[in-house]
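Survey of secondary and tertiary structure
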Amino acid sequence: MNNELPPGLALQKVDERIMTLNVGPQHPGSGHMRIIVQIDGDFIVACDPDPGYVHRGEEKMAEYRNYITNIPHLERPVIHDSCNILYPYVLGVEELLGIEVPERAKYIRVIASELNRCVYTMYWLAIYGIFLGHSTMFMWPAGDRELLIDLLEKMTGARVTHAHFVPGGVRNDLPPNFEDVCLRQVNYFEKRIKEYAAIFYDNPILIARTANTGVLSRQDAIRLGTTGSVLRASGVDYDLRKKEPYDVYDELDVHSNVMKEGDSYARSKIPWLDMLESCNIIRQALQKMPKSGSVRVKLKPNPKGKGLDSVYKRVESGRGSLGCYIVSDGKPEPYRLKLSVGSFRNLIALPYLLKGEKLGNMPAVYWSLNYWPVEADR
Amino acid sequence: MSVIAPNFKFSEFVKSILDNVFWILLIFALIGLPAAQIILFYIEMPVINGELLTPFLALTWLADPSRTLPILKAFMTTDLFKIAAFPGFGFAALIAAGTIFIERKMLAKLQLRVGPFYCGKFEGILQLMGDGLKLISKEIIIPAKADKPIFWAAPIIFVATAAAFVALIPVAPGWVVADVDVGLLAVFAIIGFFPIITILSAWSSNSKFPFIGGIRALHQMVSFEIPLILSLLGVVILTGTLNLSEIVASQSNFPWIIFLPIGAIIFFITILAELERIPFDLPEAESEIVAGWLTEFSGMIYGLVQLGTYLKLYAFAALFVVLFLGGWSGPMIWPPFPEEIITDGIVMGPITAKIPGLPIFSQEMLNGVLWFIIKTVGVIFFILLPRGVFPRIRIDMLLSLGWYKLIGLAFVNIFIALGLLYAGVLGPGGIL
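First things first, this report covers the structure right here in the doc. Predicted model only: the values in this text are computed from it and were never measured.

Scanning chain A for helices and strands turns up 15 helices and 8 strands. For 378 residues, the compact-globule formula gives about 21 Å, and the C-alpha radius of gyration of chain A, at 21 Å, lands near that figure. In terms of overall dimensions, chain A has C-alpha extents of about 70 × 55 × 35 Å along its principal axes. Looking at chain A residue by residue over its 378 residues, the buried ones come to 51%. The contacts in chain A between residues at least 6 apart in sequence include a share of 71% that link residues at least 24 apart.

Laid out in structure tokens, this is it:
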């Protein structure tokens, strides 16, 4: 009977020196998940991440709702990055239904997606700061995030769960005078996040603490299937915005940030560099965007797919490649919907990275993987 | 007020007292009267105007107002007052409370937020009282498998030890609770108690996270005690005494930080480590080990530990001031007491009131206390500041800092002190 118990509950015969720690789910340093850590003194011998505490069955739920009513619940796994998690779904549905999206809507999508990436990354950065005991780095991003949340509220009407992307474009046109407000706020935001370097990224204690911890080599990063900032911190130049441009990313000048070290410091710095890059992309998109025009193709009520068909689309989200696989059988509801999220793929690297590290490095390595527990559980 | 007791009625309060009047009188008879007897027998009574002042005569100021100030002054020279109020516990607790308020507001300003705001009319100044009331009213939960006597005793011993540390600090000339000749040795002895209390409380709670936190605290405190003691040897070499009051008196011209800056820096870093403040707050690292050795504490037990921590913070900051910044010495900025009030009395129209016993405090004492508070608050400010700037460091970085760097620097500091002594610049018989 003991063999059937979930991991961590079964009694294991271990060395007397080894202590098993259940970090989470009721722990300030875990999030909605549990890491079963076995430590020998101060060194981690083995680590077993145990996600699944916030599994909500999003994929199964999607099979009972039609293509439009799927929108608001599919963004729930990452409410801070709700535009990006809807992006592959919307692209997929557009291909299934054969819709051509207006040019202005594509630019609005890019702007909303980049703003949302910054909102998510600021939240992630705030938690990374408090995990390292840096309370100022918790408060500053949490406060500066408001700038972009205000912008997104002007754009979409909601502060976090926007439900802004719909098949055929975006739900609303931009409010009047949005371009000026957006440019001003983004410029100020860029100025603010550049100040973080002085207090956080150039802080000698932070560098001494996170450099050379949890080193993920280039080969291991590819072998383990990590994506996004984790992959790019290990020296692999793989940004879907450049490699597989979707919407209008091919018309914009996108620079993908790559670092070679592969340690916690590099993994924590890449999202910050990405935020600066996002500011550039938003400025370019604001410049190139058509000043007027339709933002949404009118759909028939209850649109249906064209017979048995499937589509896989992926975008670069705040946590890496985010894919959506939709199978349609000609009904108004998708036959099967699968989300392939970056969080879960990055979590796979955690046991390899934590083995042999010190217990004090656990939060730094764990959160540098850019992992969002709710998204991984879906 | 309504938040605390929504249905408070004075008549019911009086009625509840009247209902229990028997028990109140019984407790008073059983505890209060013996306590009064002990005070009468064992506490030395002051002599005023050639008359022994017994507790019964203490109330004679009601009949003879001119005795008020002499009685007050006599009371302030008693050990009871010194321990409970001025240079001792009450003063330290007041500075600790001010420290908590300053810490919260200062960090809030640094982090672009408001901080305590609603509790109290001015800028949330009563927030600490609210927190204290909350802690008192909360249930104290003790883990089932804890070693209960030790678990209960550890916070109380912690506060007591911190208070003993406070007792050794000279605040102004003659104003010190325990003026021992080996004051610095006593300080080292008291600092040596803290790791023992920490590991006792951590181990007795029989829980994994407190245990790891306790072990970390033990490593940290023990390895930083050595540079702490070594960094203070320079001052001892130059002054030739261990008495803290004499060390302050030796700095009437210049503070030792001018000649021993390395020792002062080492001592400041070890203060941060001993106090478990960021960047050395590993024993309480929340993202790794919940709250470290404080994890299982709840209610007022936790409040006691926090009180002890802030008393310790005040004591360490005051020790820094005493040893390196010249304690109470400083230019005379307190205005002198007007002479004509002593000689002529206060003239209010036709009435002239001569008040015997003025001034209550000498000008030197008030000036010294003012300088002491200014310097201590300054040091406390610099102890609080790293919390907003630095992340937490790791245990191996901490130990290598303590053992490799600080101890080596402490020896450099000692050589500087010895060099100054043998060159005849400073110390007994020096030219300065």
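The next point concerns the interface of chain A and chain B. Every contact between the two is made by 28 residues of chain A and, on the other side, 24 residues of chain B. Ranked by residues supplied to the side of chain A that touches chain B, first place goes to helix H5 (residues 135-156) of chain A with 5 residues. Its residues placed into classes, the side of chain A that touches chain B shows 15 nonpolar, 10 polar and 3 charged.

Moving on, we come to the environment of Glu-277 of chain A. All names here are of chain A. Considering the arrangement of structural elements, one finds Glu-277 in helix H11 (residues 264-288). As for Glu-277 and Arg-232, which are separated by 45 residues in sequence, their C-alpha atoms are 14 Å apart. Look past the residues within four positions of Glu-277 in its chain and what remains in contact with it is His-255 and Asn-257.

Below, the discussion takes up the packing of helix H9 (residues 193-204) of chain B against helix H10 (residues 208-239) of chain B. Residues and elements named next belong to chain B. At a minimum axis distance of 8 Å, the contact between H9 and H10 shows a crossing angle of 170°. Relative to H10, the element H9 is oriented roughly antiparallel. Counted together, Phe-194, Pro-195, Thr-198, Ile-199, Ala-202 and Trp-203 of H9 and Pro-210, Phe-211, Gly-213, Gly-214, Ala-217, Leu-218, Met-221 and Val-222 of H10 form the full contact between these two elements. Of the residues contributing to the contact of H9 with H10, the split by class is 11 nonpolar, 3 polar and no charged.

With that settled, the discussion passes to the packing of helix H6 (residues 127-137) of chain B against helix H14 (residues 299-324) of chain B. All names here are of chain B. Following both chains from N to C, one finds H6 and H14 inclined at 135°, their axes separated by 6 Å at the closest point. Here H14 runs oblique to H6, going by the angle between their axes. Seen from H6, the contacting residues are Gly-132, Leu-135 and Ile-136; seen from H14, they are Gly-299, Met-300, Tyr-302 and Gly-303.

Right, let's talk about the pairing of strand E6 (residues 308-317) of chain A for a bit. Residue and element names in this part refer to chain A. Of the pairings in the sheet, the one linking E6 to strand E7 (residues 320-329) comprises 10 bridges and is antiparallel in character. When the bridges of E7 are listed, Leu-308 appears paired with Asp-329. Counting the residues that bridge the hairpin from E6 to E7 gives 2 residues.

Turning next to the nonpolar core. Formed by 197 residues in total, the largest nonpolar core has its most connected members in Val-166, Leu-311, Tyr-314, Ala-315, Ala-317 and Phe-320 of chain B. Taken domain by domain, the makeup of this core includes at least three residues from each of domain 1 (2-50) and domain 2 (58-345) of chain A.

Thresholds, definitions, all that
Residues numbered from 1 in each chain as written. Chains lettered and ligands numbered in written order. Predicted model: local features only at pLDDT ≥ 70, side-chain atom pairs only at ≥ 80, totals over all residues. Helix = DSSP H or I, 4+ residues; strand = E, 2+ residues; numbered from the N terminus. Rg over C-alpha atoms; globule rule 2.2 N^0.38 Å. Buried ≥ 20, exposed ≤ 12 C-beta atoms within 10 Å, placed from the backbone. Contact = placed C-beta atoms within 7 Å. Nonpolar A, V, L, I, M, F, W, Y, C, P; charged D, E, K, R; others polar. Axes fitted to C-alpha atoms, helices over the stretch in contact; angles between N-to-C directions. Parallel < 35°, antiparallel > 145°, perpendicular 65-115°, else oblique. Pairing = 2+ DSSP bridges. Core = buried A, V, L, I, M, F, W, Y, C linked by C-beta atoms within 7 Å. Domains from an automatic or database assignment.

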